[in-house]
Amino acid sequence: NSAYMHSALLLAGGGKRVQWNVAGWQAAAELLGPEIEQTDILATSNGLFALYYLGRYDIDISPSQVAESVTGEEFGRDARTGSYAISKPESLAQLMDCYQTGLYISDSRWRWRDPDVGVSNEMADFLESHAEKIDLPQDWMLNAYRWERPAVAPEAESCPTLPGIGPTAPAPQN
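Residues numbered from 1 in each chain as written. Predicted model: local features only at pLDDT ≥ 70, side-chain atom pairs only at ≥ 80, totals over all residues. Heavy atoms only, no water.

**Observations concerning the side chain of S64**
Spelled out, the test is: Each helix corresponds to a stretch of at least 4 residues labelled H or I by DSSP, and each strand to a stretch of at least 2 residues labelled E; elements are numbered beginning at the N terminus. Any two residues having at least one pair of non-hydrogen atoms within 4.5 Å are treated as being in contact.
The topology assignment puts S64 in helix α4 (residues 63-68). Every residue in contact with S64, bar those within four places of it in the chain, is listed here: D116 and V117.

This is the structure in structure tokens:
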């Protein structure tokens, strides 16, 4: 189990094998706090870190989370967190069209351009070309993007029905 080695490296201050930076997540939460609180959609590919450090997330971009969701399909709900999972750029495009504002924050090494468990190359390319990159210090090991849709929203029936998402959504109840 490589988790022991990762833990030792993290406690020792890092190393090539460490793929995330706790201090980076903490700093991003502080820097982007007001935007995190107000954005309509908060997406990530590290749901547990986002939940812990950012206080919420709405969308987990991960094919493995899609497969583990209640429906096993795009926009399936994670029974553990109440958040939704997507893996395809078309699904993110739909969210960008249907919700006024959005923010993506996640690890820049772990699960980035990783088609098995995280953001695929196609999804990363889509984010890079359809959202504004937020410059963060490289040692935070995070990617962050924001988007805002044009004033005209599509017809409601073309948008996914995702109860409980957004900045005022209640925390999931177990």
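Okay, back to it.
**Looking at the nonpolar core**
Nonpolar side chains tend toward joint burial in soluble globular proteins. Stated formally: Side-chain atoms within 4.5 Å are what join buried Ala, Val, Leu, Ile, Met, Phe, Trp, Tyr and Cys residues into a set we call a nonpolar core. To sort residues, take the accessible area from a 1.4 Å probe on protein chains only and compare it with the maximum for the residue type: under 20% means buried, over 50% means exposed, and anything in between is partly exposed.
Core analysis: the largest hydrophobic core is formed by 25 residues, its most contacted members being I59, L92, L95, Y104 and L127. Going through the elements one at a time, β1 (41-44), β2 (59-61), β4 (84-86), α5 (89-98), α6 (121-130) and β7 (142-148) are the ones with two or more residues in this core. Ignoring anything within four residues of it in the chain, the contact list for L95 reads I41, I59, F75, I86, P160 and L162.

**Topic: helix α3 (residues 47-54)**
Note the cut-off: Here the arc refers to the directions that run from the helix axis out to each C-beta atom.
G47, A50, Y53 and L54 are the residues of α3 that are buried. The buried side chains of α3 occupy one side of the element, clustering within an arc of 150° when seen end-on. Every exposed residue of α3 that faces more than 90 degrees away from the buried side is listed here: L48 and Y52. Those residues of α3 that are buried lie in contact with α2 (22-38), β1, β2 and β5 (101-107).

**A closer look at the side chain of T81**
Put simply, the rule is: Any pair of N or O atoms that falls within 3.5 Å is considered a polar contact. Within protein, one atom must be able to donate a hydrogen and the other to accept it, and sequence-neighbouring residues count only if both atoms are side-chain atoms.
Within the secondary structure, T81 sits in the loop between β3 (76-77) and β4. A distance of 3.1 Å separates polar atoms of two side chains, one belonging to T81 and the other to Y57.

**Some words on the environment of R80**
For R80, the location among the structural elements is in the loop between β3 and β4. Sequence separation between R80 and V70 is 10 residues, and the spatial gap between their C-alpha atoms is 9.8 Å. Among the polar contacts made by the side chain of R80, one reaches the side chain of Q65 at a distance of 3.2 Å. Of the polar contacts made by the side chain of R80, one reaches the side chain of E68; its length is 3.0 Å.

**Considerations on the packing of aromatic side chains**
To keep things clear, this is the line we draw: Here a Phe, Tyr or Trp ring, Trp counted by its six-membered ring, pairs with any other such ring whose centre lies within 6.5 Å, and the pair is stacked when the planes are under 30 degrees apart, edge-to-face when over 60, and tilted otherwise.
One pass over the full model with this rule turns up seven aromatic pairs. With 6.5 Å between their ring centres and 45° between their planes, Y104 and Y145 make a pair best called tilted. Separated by 41 residues along the polypeptide, Y104 in strand β5 and Y145 in strand β7 bring together distant segments of the chain. Of the residues examined, Y104 reaches a relative accessible area of 0% and is grouped as buried. For the pair W112 and Y145, a centre-to-centre distance of 6.2 Å together with 15° between the ring planes defines the contact as stacked. Of this pair, W112 sits in the loop between β5 and α6 while Y145 sits in strand β7; the two residues are 33 residues apart in sequence, bridging distant segments of the chain.

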